[in-house]
Amino acid sequence: MTHRASAESKSSRPGSPLPAVADTDIDRVRETIITWFETAARPLPWRDADTTAWAVLVSEIMSQQTPVSRVEPRWREWMQKWPTPADLAQAPTAEVLHRWDRLGYPRRALRLQEAARVIAEELDGRVPRTAAELEQLPGIGSYTAAAVASFAHGERTTVLDTNVRRVLIRLFAGRDRPTPSPSRAETKWAAQFVPETEHEKWNAGVMEFGALVCMARNPSCESCPLNDICAWQKAGRPTSAVKAKTQKWAGTDRQLRGAIMDVLKSAHEHSDGEDNVGDVPVDLFTASTAEVDPKLFDSLPSNTSTRVERVRDLSADADRVSRLIDDLVSDGLAAREDSALRLPG
DNA sequence: AACCCGGGGTA
DNA sequence: TACCCAGGGTT
């Protein structure tokens, strides 16, 4: 009980109040989560004791909005190819995007390289140690800064990802899911759970608990070691009336852009060690979508034709394709001089 | 606060 | 189909 109550006013609208939490419950939850984590944690490679801060940072960027199972193989390849910030800083951007593969949100790869350049060129190759400093780097927001500071450097931060938010909201607010984005009040509220010692175990543990027990969809409440104090359980596990709105995908620029990136990466892969690809894929797009010499496909990988057809299927409008390609160039996703669009040879 | 940014697995 | 996933950035 006590004076902890005031972290929340009536500010966070749809979610309503974050309740005061009794000290006994805080102790119970900390102890339970940390104990559970010590036996149930997945053996993720970036949790190994000898993992560098840089490698931890890469794992966190890759994991943004991306399931861990898909990240692991890419992360292993990256860390073998570019073990230090200086290595990634010097890599051709086209190759960086290619090795990002299909993890999604390729801007993350660009920003990771930008961050690598800042670290290599301005910070003497050292990953910043505090969350405040980390957050100054491109592509690193409040979550990633807190996570890297905690997991790589042992700083006592409040790591608040979607898992942590869901676990705490269920346990103490009795709701099934958190609001779309955390308020400052929620971050402050969540901070009270982070213990003085073993804070890395808490941060990693409560995240893991959300991923393996208190999942968004079919949570394992039957085997949950905290279901006796869970406010959501006591309330009968109600579901939110308001459903999160999901973005359209089919037919959007987003889908078309992804298809274009797919072709560019395919062509880049084929261009390794050769010099005959040039900017053919771009010509395929910017030329009339109605008429393309089939011989152009001869110099490309066998599946490029299929990929280009996919782009055509998504848009019969050549201007739209051109515009998206221009956007990709201006966004740096296909830098002309750096070679994703104008392919290396 | 609202919106944009990929892609794949799953119910 | 809709939802979910170790979020961040822009307007």
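Right above here is the structure, for reference.
The numbers attached to residues start from 1 for each chain and follow its sequence in the written order. Numbering of ligands from 1 and lettering of chains from A proceed in the order in which they are written. Side-chain atom pairs in this predicted model are given and counted only at pLDDT of 80 or more, local residue features only at pLDDT of at least 70, and totals for whole chains, interfaces and linings cover all residues. In computing side-chain values, all of the structure's heavy atoms are included and hydrogens and water are not.

Peer 1: Kindly report on the pattern of salt bridges, identifying the contributing residues and their values.
Peer 2: Take a side-chain nitrogen of Lys or Arg and a carboxyl oxygen of Asp or Glu: if they are within 4 Å of each other, that pair is a salt bridge. Applying the stated criterion across every chain, the model contains 21 salt bridges. For the salt bridge of D262 with R102, the shortest nitrogen-to-oxygen distance reads 3.0 Å. A residue pair is termed long-range when its members are at least 10 positions apart, and D262 in helix 13 (residues 253-271) and R102 in the loop between helix 5 (93-100) and helix 6 (107-122) qualify at 160 residues. Throughout this description, buried means an accessible area under 20% of the type-specific maximum (1.4 Å probe, protein chains only), exposed means over 50%, and partly exposed covers the range between. Residue classification places R102 among the exposed positions, given a relative accessible area of 52%. In this structure, R310 and D262 form a salt bridge, with 3.3 Å as the shortest nitrogen-oxygen distance. Residue R310 is located in helix 15 (residues 304-314), and its partner D262 is located in helix 13; the two are separated by 48 residues in the primary sequence. With relative accessibility at 34%, the residue R310 sits in the partly exposed group. The buried category is assigned to D262, whose relative accessible area is 9%. Strands here mean DSSP runs of E at least two residues long; helices mean DSSP runs of H or I at least four residues long; both are numbered from the N terminus.

Peer 1: So, the protein's contact with DNA strand B: which residues are in play, and what are the values?
Peer 2: For this description, a residue counts as near a given molecule or strand if any of its non-hydrogen atoms is within 4 Å of it. Taken together, 18 residues lie near DNA strand B, and R102, L103, Y105, P106 and R254 sit nearest. Here the atoms of DNA strand B within 4 Å of the protein split so that 55% fall in sugar or phosphate, with bases taking the remainder. In the environment of DNA strand B, a base nitrogen lies 2.7 Å from a nitrogen or oxygen atom belonging to the side chain of R254. Only helix 6 and helix 13 provide two or more residues apiece to the surface near DNA strand B. Per-element tally for the surface near DNA strand B: the top contributor is helix 13, with 3 residues. Per-class residue counts for the surface near DNA strand B are 5 nonpolar, 5 polar and 8 charged. Pairing of N or O atoms within 3.5 Å defines a polar contact, subject to two protein rules: one partner must be a possible hydrogen donor and the other a possible acceptor, and residues neighboring in sequence count only if both atoms are side-chain atoms. Classification used: nonpolar for Ala, Val, Leu, Ile, Met, Phe, Trp, Tyr, Cys and Pro, charged for Asp, Glu, Lys and Arg, polar for all others including Gly.

Peer 1: Any chance you could break down the side chain of E208 for me, citing the residues and the numbers?
Peer 2: Position of E208 relative to the elements: it lies in helix 11 (residues 199-212). Within the structure, the side chain of E208 is placed 2.8 Å from the backbone nitrogen of R42, a separation counted as a polar contact. Note on contacts: a residue pair is in contact if any heavy atoms of the two residues lie within 4.5 Å. If we ignore the near neighbours within four places in the chain, the residues touching E208 are W36, F37, A41, R42, R47 and V213.

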